[in-house]
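Secondary and tertiary structure notes
Spelled out from the first residue to the last, the chains are:
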Amino acid sequence: MIKKSILLLCFIFCVNCKSAQHKFPSFDDVVTTFFTSYDLRKEQGTDDIRFVKKQEGYYIQEYNYDTNDYKKTVLFWSASKNTYQELNFPKGKGLNAEYANYHLTYHNKERFNVLPYYGYVGWTKDVIAFLEQKSDLKDIEYYALGRAYSASAGHLLNASYEFSDPKEQFKFLESGKNQFTKEQLKTYINYEEKAIENYTILCQKNPDYPTVVGTICNKLDNEYVSTYLNLSIYQNEAEALAFLPDGLYTDFVTDYAKNYLNSIEPNGILFTTGDNDTFPLLYAQASLKYRQDVAIINTSLLNQNSYVNHLRDDMVLASTPIKFTLKPDAYAKENLSYIVLDDSKNDHKYLDLKSTLKLINAKDPSVVYKKAKENAILSTNKIAIAINQDTLKLRYKTNYIVKGELLALDLIEANIKTRPVYCTFNELPVVSNYLEKSGFAYKIATSPKNKIENDRYLAGIDADKTYSVLVDKFQYHENTKNSEKTELSTLISYTSSYETLINHYKEIGDIKKCTEVLDAFTNFYPKDHYADISFMITSMAKNAYVIKDFKNGDLMVENLIENLEHIKRNNKGSTTTTKAAALRKLIFGDEVNSRLDKNKLERHLYIIADVLETEEVNNNLTSRLYTLKKYFMEQLRNF
């Protein structure tokens, strides 16, 4: 305690000293050092160990299958000694990249590189106690404090939040409204307001501060909507709406939300999976009152029983309740956490989903095992969903699925006959063979229209619907305060849909529609991002030349060339020194170097060669392409 007090006094009064977290090695260094120096024990998997960051340093924890938790903890990097410690693990034979990369996710990098402490029950309290006593926070510390308050709020609600303390949870029922007491609501809102306060300060101070979901300003907007969603689940819609301010998100983001909602037929259901494809859509519905008939279902949240019961019990805005065959007691608490898919018999028969769900409801011994948690075991990895006269035949490549995946299948089976069901992209890989492009979304269809061959994510396209959304109803404002990464992911999503529709019209010989879609694309797409999607650009440009649309073909090739010429001019050895770039390197390990590496050079040369094979490209553009080709080849020889 004396040692901790001395350290704390140093942090408070020595404002010019480095904080303890800045003396810590990066999470990348800790992970790569461990998996270079050591191997896992026999029969251990990569998820059987985890990393913990405390004031004393980085710890390694091992999973104990007898107690079903992480108990065995050893210090790996010592803060007091500033060095790694010898551990009793099998010696490594060099870096095991597979093991290291399992832990080196963007989410983990952000948490361990930003937060002073992380990875254990109570980390939020330790971070708040440490940072609230500092008088002059750095940008990274404002974010860390906001994350700690946000996590503290989430920890109060249910056990699905990682490292929550069961003793401090509110013990809500898994269904029902107005569950907060007056004091509980005050505590929860206080934590969220503290998170929002710190995010707001950082958004105003450094709007380009990078997070996993984009800039801090986008993270701030998401935090508001996340709180709205939690209040709508546990309290009521009126109080949830009262917490939601006007003016969240940029026009670029709200356009994205509207474009996806416009892709859904009336009373449809849309599966999403992350923050950026969920919260802007919820905001458009709740605050802008846009397409409130669409039910937005976040597949990640389907593992939370309270969220599932909210969907099944309540009319959400103008969307009617969602039907499920599974009864709430079948998946209550930890029931159905895992569903084992036993394909040992190698049976080619498909299991009827609805019949199986009824057996689970009845706790039939043929499907239920391990009574303590009532997990399920199915006799095959092949599942059939009957839809009128057709059937979705789904085959899993894994030997188990989790509760949320089973509930997603249940939702499809119980609703698809009366409500069309969609994905934003690949939320449910098992249904890829039945996805039909519909606007920017993907509709689950037993017999997709206009079948597309050899596409791992797509089986067909509803051309009329997609044309209506991409050409007639498309909304677009230029990006302002969102990060380039967020902007690019949105633009890639848009471009993929345009490319698919253009290719369809070219294949069937509808030159008029093909030209109109090409016009729509070149009219909105930012000129400085052509090289970022060069493969799709060359595909669309070649289609334009095939149908004799030289205007759009030349325009796309010229914009691509201008991007490549800009890259050539900036091909220097210096590293970008912007504040945002420095933070990306510190947090995520991203090297932002204008110097072209071998992979980029090879990619640019491949694209140039692909365009040069197109005879219709005019001589001026061809000459510029050969100049670029010569330059990139000279650069490549240096490698």
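Keep in mind that this is a model prediction, so the values were computed, not measured.

The next point concerns the overall build of the chain. Along the backbone of the chain there are 23 helices and 19 strands. Computed over the C-alpha atoms, the radius of gyration of the chain is 27 Å, within 12% of the 26 Å expected from 2.2 N^0.38 for a compact globule of 639 residues. Expressed along its principal axes, the backbone C-alpha trace of the chain runs to roughly 80 × 65 × 55 Å. Every one of the 639 residues in the chain was classed for burial, and the buried ones make up 53%. Partitioning the intrachain contacts of the chain with sequence separation of at least 6 by distance along the chain shows that 69% fall at a separation of at least 24. For the chain, the exposed surface amounts to about 30100 Å²; the carbon and sulfur share of it is 50%. Side chains of the chain give 80 positive and 83 negative charges; the mean places of these two sets differ by 4 Å.

What follows is about the pairing of strand S7 (residues 269-272). Side chains Ile269 and Phe271 project from S7 onto one buried face, and the interleaved Leu270 and Thr272 project onto a second face that is buried too. Bridge count between S7 and strand S8 (residues 295-298): four bridges; the pairing is parallel. Across the sheet, the residue bridging to Thr272 is Asn298, located in S8. Regarding the hand of the β-α-β motif, the stretch spanning S7, helix H12 (residues 279-286) and S8 is right-handed. Note that S7 and strand S16 (residues 421-423) share three bridges and pair parallel.

Reading across the sheet, the four strands line up as S1-S2-S3-S4 and stay open at both edges, with antiparallel pairing between neighbours. Single-partner strands in this sheet number two, and they are strand S1 (49-54) and strand S4 (83-84). Across two bridges, the pairing between strand S3 (residues 69-78) and S4 is antiparallel. If you follow Ser78 over to S4, its bridge partner there is Thr83.

This paragraph deals with unusual backbone geometry. Glycine aside, the phi torsion of most residues is negative, and most peptide linkages are trans. In this structure, Glu43 takes a positive phi of about 75 degrees despite not being glycine. The exposure class of Glu43 is exposed, given its relative accessible area of 75%.

We now examine empty space enclosed by the protein. Per the counting criterion, the structure on display carries two cavities of 30 Å³ or more. When its volume is computed, the largest cavity comes out at roughly 200 Å³. Forming the boundary of the largest cavity are 23 residues, of which Leu282, Ile296, His310, Leu311 and Val316 lie nearest the centre. Taken together, the elements giving at least two residues each to the lining of the largest cavity come down to helix H9 (216-234), H12, S8 and helix H13 (305-313). Among the elements that make up the lining of the largest cavity, the one with the highest residue count is S8 (four residues). Its residues assigned to classes, the lining of the largest cavity comprises 14 nonpolar, eight polar and one charged.

Moving on to the packing of aromatic side chains. In the structure shown here, the tally under the stated rule is 58 aromatic pairs. Consider the rings of Phe34 and Tyr38, whose centres lie 5.6 Å apart with planes at 40 degrees: the pair is tilted. A relative accessible area of 0% means that Phe34 is categorised as buried. The exposure class assigned to Tyr38 is buried, which follows from its relative accessible area of 4%. Taking the ring centre of Tyr59 as reference, the NZ or CZ of Lys54 above it sits at 6.0 Å.

Taken as a whole, this structure holds 21 salt bridges when the rule is applied. We note a salt bridge from Arg41 to Glu62, for which the minimum N-O separation is 2.8 Å. Of the two residues, Arg41 sits in the loop between helix H3 (27-37) and S1 while Glu62 sits in strand S2 (residues 57-64), which places them 21 residues apart along the sequence. Assessed through its relative accessible area of 7%, Glu62 is described here as buried. As a salt-bridge pair, Lys363 and Asp329 come within 3.4 Å of each other at their nearest N and O atoms. Of the two residues, Lys363 is situated in the loop between helix H14 (353-361) and strand S11 (368-369) and Asp329 in the loop between H13 and strand S9 (338-341); the sequence distance between them amounts to 34 residues. Classification of Lys363 as partly exposed rests on a relative accessible area of 27%. When its relative accessible area of 42% is taken as the criterion, Asp329 is described as partly exposed. One continuous salt-bridge network, built from bridges that share partners, spans Arg41, Glu62 and Lys72.

Attention shifts here to the confidence of the model for the chain. Do not read the predicted coordinates in detail wherever pLDDT is low. Of all residues in the chain, 94% have pLDDT values of 70 or greater, and the mean over the chain is 91. The low-confidence segment residues 1-20 (pLDDT under 50) makes 16 contacts with residues lying over four places distant or belonging to another chain.

Taken together, the buried positions of H14 are occupied by Leu353, Thr356, Leu357, Ile360 and Asn361. Taken around the axis of H14, the buried residues stretch over an arc of 145 degrees, which confines them to a single face. Of the residues trailing H14, Lys363 is marked for its positive phi of about 55 degrees.

Turning our eyes to something else, we now look at the side chain of Lys437. Position of Lys437 relative to the elements: it lies in strand S17 (residues 435-438). One buried charged residue, Lys437, remains without a salt bridge, the closest side chain of opposite sign being Asp455 at 8.9 Å. One polar contact links Lys437 to Ser497, side chain to side chain, over a distance of 2.8 Å. Apart from residues lying up to four places away in sequence, Lys437 is in contact with Tyr442, Leu458, Gly460, Ile461, Asp462, Thr466 and Ser497.

Time to look at the sheet that holds S16. Ordered by their spatial adjacency, six strands build an open sheet running S8-S7-S16-S18-S17-S19, and the pairing between neighbours is mixed. Each end of this open sheet is capped by a strand with a single partner; those strands are S8 and strand S19 (460-461).

By size, the foremost hydrophobic cluster in this structure holds 189 residues, and its most contacted members are Phe34, Phe51, Phe271, Ile297, Ile412, Tyr498 and Phe521. Sort the elements by how many residues they give to this core and H9 lands first, with ten residues.

Scoring rules and cut-offs
- Note that residues are indexed from 1 along each chain, following the sequence as it is written.
- Local features in this predicted model are restricted to residues whose pLDDT is 70 or higher, and side-chain atom pairs enter the listing and the counts only when it is 80 or higher, whereas totals over whole chains, interfaces and linings include all residues.
- Side-chain measures here rest on the full set of heavy atoms in the structure, leaving out hydrogens and waters.
- Helical segments are the DSSP runs of H or I of at least four residues, strand segments are the runs of E of at least two, and each set is numbered from the N terminus.
- As defined in this context, the radius of gyration uses C-alpha atoms, and a globule is described by 2.2 Å times the residue total to the power 0.38.
- Think of it in three bands: with a 1.4 Å probe and only protein chains considered, a residue is buried below 20% of the maximum accessible area for its type, exposed above 50%, and partly exposed in between.
- By definition in these notes, contact holds between two residues if any of their heavy atoms fall within 4.5 Å.
- Surface exposure here means Shrake-Rupley accessible area, sampled with a 1.4 Å probe, where a residue is shielded only by the protein chains that are shown.
- Neither His nor the chain ends contribute to the count of charged residues, in which Lys and Arg are positive and Asp and Glu negative.
- To locate a charge, the coordinates of NZ of Lys, CZ of Arg, CG of Asp or CD of Glu are taken.
- DSSP-based pairing: two strands are paired if at least 2 bridges between them are found.
- Here is how to tell: hold the view so the strands point away, follow the path from the first strand over the helix to the second, and if it runs clockwise the crossover is right-handed.
- Both cavities and pockets are sets of points on a 1 Å grid over the protein atoms alone; in a cavity a 1.4 Å probe fits but cannot get out, in a pocket the set is open with protein on both sides within 12 Å along at least five of seven lines, and lining residues sit with an atom within 4 Å of a point.
- Grid points are joined across faces, edges and corners, and a volume is the space filled by probe spheres set on the points.
- Amino acids are sorted into nonpolar (Ala, Val, Leu, Ile, Met, Phe, Trp, Tyr, Cys and Pro), charged (Asp, Glu, Lys and Arg) and polar (every other residue, Gly among them).
- When the centres of two rings from Phe, Tyr and Trp lie within 6.5 Å, Trp using its six-membered ring, the rings pair. Their planes under 30 degrees apart give stacked, over 60 give edge-to-face, and anything left gives tilted.
- By the criterion adopted, a ring carries a charge over it if an Arg CZ or a Lys NZ lies within 6 Å of its centre and within 35 degrees of its normal.
- When a carboxyl oxygen of Asp or Glu is within 4 Å of a side-chain nitrogen of Lys or Arg, the pair counts as a salt bridge.
- pLDDT measures how confident the predictor is about each residue, on a scale from 0 to 100.
- Directions from the helix axis toward the C-beta atoms define the arc.
- Within 3.5 Å is the distance limit for a polar contact, defined as a pair of N or O atoms, with the added protein rule that one can donate a hydrogen and the other accept it, and that residues adjacent in sequence qualify only through two side-chain atoms.
- Take the buried residues of types Ala, Val, Leu, Ile, Met, Phe, Trp, Tyr and Cys, join any two whose side-chain atoms come within 4.5 Å, and each joined set is a nonpolar core.

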